[in-house]
Amino acid sequence: MRSRYLLAAIGLAVLAVVAVVVAKSTNPNNIGGATKITSAKDLPVIEHGPLPSLDQGNGYLNGKPSLKGKVVLYDFWTYSCVNCVRTLPYLESWHDRYAKDGLVVVGVHSPEFDFEQIHSNVSAAVKKLHVTYPVVFDDDMAIWNAFHNQYWPAKYLADRDGDVRYVHFGEGAYDEAENAIRVLLGVAKDAPRATDPKAAAESLTAANTPETYLGSARGGADYVKLTGRWDTTDQYIESKDAHENLNLTYHAGEVNLVLDRSRKNPTYAVVELDGKPVPSGARGASIVERDGQTMVDIDAADLYHLIAHGPKGDHVLTFHPGGAGVQAFAFTFGD
């Protein structure tokens, strides 16, 4: 038994070295398998099983999956990661189409922020995002570390013998991933494909402003300007009263902000685009209008959608908390 564990550990270490080498020379959004996958020969074994046990996690949502003899797609994600959220419709579509053929999709929820370790928060997000396949709580990153994973989102596809045959980091390559699933399942080439979830957002482009963290651990971008009194922690900034402003100069069509509040009651923040209320055609799903102002109501730790289909070019977003206790973690952007 110890020999088997040793061999497994050595194998995973080799995979980790390969992953690091690849990651240093490749855009994470473009890491994947063969561009054209038509047979098992296009999917050589990347890592021999057995893979780390999901029982290292802290319980499940939507039931504990049975993996024996199944093709398994492990998806590492966290609910405040916009890149992760945009992949979920594809995962759900594959789950719906191929479960009867032997596919098991497992979401490994590995939190980036402390509030994502709270199971009730994750459960609410899973329900809100219409995720019906099994999700395992990876609160302590035990499964993440056992896989030597480095990215959100990350997909590892294992065949019925437990061997990893396909890996993809980041968004995109959905046709490629589905082709790999079909090949490993042995689905006939003329069999129907999964439904294409048209509502899923396109991948981020290099021209967009990069993901921006506001806490001291990874913050400090010169295109974020704070006025007034803010408390700063390693993960977030927190408003002290109703006299603060956060000004963000950005280039993107979509702006999202991870928010929470330290006080029991919900709070709000006024959001402006280029010094004016956000135009109706550019309002994200989280924006509401009251008394001529556009604002976001903050009632839970979550990813809030501020700007959607916004005007092209460089713009300034102003975020004005309605009082003390508003916590802002990170901005993410899309087309």
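In what follows, the structure referred to is the one given above.
Below is a short write-up of the structure. (Residues numbered from 1 in each chain as written. Predicted model: local features only at pLDDT ≥ 70, side-chain atom pairs only at ≥ 80, totals over all residues. Heavy atoms only, no water.)

So, about the overall build of the protein chain. Helix and strand counts for the protein chain come out as five helices and 19 strands. Within the protein chain, buried positions represent 52% of all 335 residues. When contacts within the protein chain are restricted to residue pairs at least 6 apart in sequence, those whose partners lie at least 24 apart make up 76%. A total accessible area of about 15,700 Å² is found for the protein chain, and carbon and sulfur atoms account for 53% of it. (Helix = DSSP H or I, 4+ residues; strand = E, 2+ residues; numbered from the N terminus. Buried < 20%, exposed > 50% of the residue type's maximum accessible area, 1.4 Å probe, protein only. Contact = heavy atoms within 4.5 Å. Areas by Shrake-Rupley, 256 points an atom, 1.4 Å probe, with all protein chains shown as cover.)

With that settled, consider the packing of aromatic side chains. Going through the model one piece at a time under the given rule, you end up with 17 aromatic pairs. Here the aromatic rings of phenylalanine 115 and phenylalanine 329 are separated by 4.8 Å at their centres, their planes lie at 80°, and the arrangement is edge-to-face. In this pair, phenylalanine 115 sits in the loop between β3 (103-109) and α3 (119-128) while phenylalanine 329 sits in strand β19 (residues 326-334), placing the two residues 214 residues apart along the sequence. Judged by its relative accessible area of 6%, phenylalanine 115 is buried. Each ring, one from tyrosine 151 and one from phenylalanine 169, has its centre 4.9 Å from the other, and the planes form 45°; the classification is tilted. Residue tyrosine 151 is located in the loop between α4 (142-146) and β5 (154-158), and its partner phenylalanine 169 is located in strand β6 (residues 164-169); the two are separated by 18 residues in the primary sequence. Here tyrosine 151 matches phenylalanine 169 in class, with each residue buried. Three or more aromatic residues joined by ring pairs form one cluster here, namely Tyr74, Phe76, Trp144, Phe147, Tyr151, Trp152, Tyr156 and Phe169. One residue, arginine 218, lies across the ring of tyrosine 213, its end atom 3.8 Å from the ring centre. (Phe/Tyr/Trp six-rings, centres within 6.5 Å; stacked < 30°, edge-to-face > 60°. Lys NZ or Arg CZ within 6 Å of the ring centre and 35° of its normal.)

So, about the nonpolar core. If you look at the biggest cluster of nonpolar residues, it comprises 45 residues, and the most contacted ones within it are Leu73, Trp94, Tyr98, Leu103, Leu157 and Ile181. Residue assignment for this core shows that the elements contributing at least two residues are β2 (71-77), α2 (82-98), β3, α3, β4 (135-137), α5 (174-185) and β19. The contact partners of leucine 157, leaving out residues within four places of it in the chain, are Val71, Val72, Leu73, Asp163, Val164, Arg165, Tyr166, Ala180, Ile181 and Leu184. (Core = buried A, V, L, I, M, F, W, Y, C linked by side-chain atoms within 4.5 Å.)

It is worth spelling out the sheet that holds β6 at this point. The sheet built from six strands is open, its strands ordered β1-β4-β3-β2-β5-β6 with mixed pairing. A single partner strand is all that each edge strand has here, and the edge strands are β1 (60-61) and β6. Relative to β6, β5 is paired through five bridges, and the arrangement is antiparallel. Residue alanine 158 lies in a different strand from β6, and its bridge partner there is valine 164. (Pairing = 2+ DSSP bridges.)

This paragraph deals with the side chain of glutamate 112. Its location among the elements puts glutamate 112 in the loop between β3 and α3. Judged by relative accessible area, which is 15%, glutamate 112 ranks as buried. Within the structure, glutamate 112 has its side chain in polar contact with the side chain of arginine 218 (distance 3.0 Å). In contact with glutamate 112, other than residues within four places in its own chain, are Thr78, Trp152, Tyr213, Arg218 and Gln235. (Polar contact = N/O pair within 3.5 Å; in protein donor to acceptor, adjacent residues only side chain to side chain.)

Counting buried positions over the seven residues of strand β13 (residues 267-273) gives five, a clear majority of the element. Summarising the sheet, β13 and strand β16 (residues 293-298) pair through four bridges and their orientation is antiparallel. When the bridges of β16 are listed, threonine 267 appears paired with isoleucine 298. Here β13 runs beside strand β18 (residues 314-321); their pairing, made up of five bridges, is antiparallel. Directly across from glutamate 272, in β18, lies its bridge partner threonine 318. Bridge analysis of β13 against strand β14 (residues 276-277) gives two bridges, and the strand direction is antiparallel. Looking at the pairing, glutamate 272 lines up with proline 277 of β14. Here β13 folds back onto β14, and the loop between the two strands holds two residues, one of which, aspartate 274, carries a positive phi near 55°.

A few words on the pattern of salt bridges. What the rule picks out here adds up to 14 salt bridges. Here arginine 86 and glutamate 171 are joined by a salt bridge, their closest N and O atoms 3.0 Å apart. Placement of arginine 86 in helix α2 and of glutamate 171 in the loop between β6 and α5 is noted, with a sequence separation of 85 residues between them. Exposure remark for arginine 86: the relative accessible area of 5% places this residue in the buried category. Owing to a relative accessible area of 2%, glutamate 171 belongs among the buried residues under this scheme. With a shortest N-O distance of 2.7 Å, arginine 290 and aspartate 297 are connected by a salt bridge. In this structure arginine 290 comes out as partly exposed when scored by relative accessible area, which is 36%. Among the ionic contacts, a cluster of salt bridges with common partners joins Arg86, Glu171 and Glu254. (Salt bridge = Lys/Arg side-chain N within 4 Å of Asp/Glu carboxyl O.)

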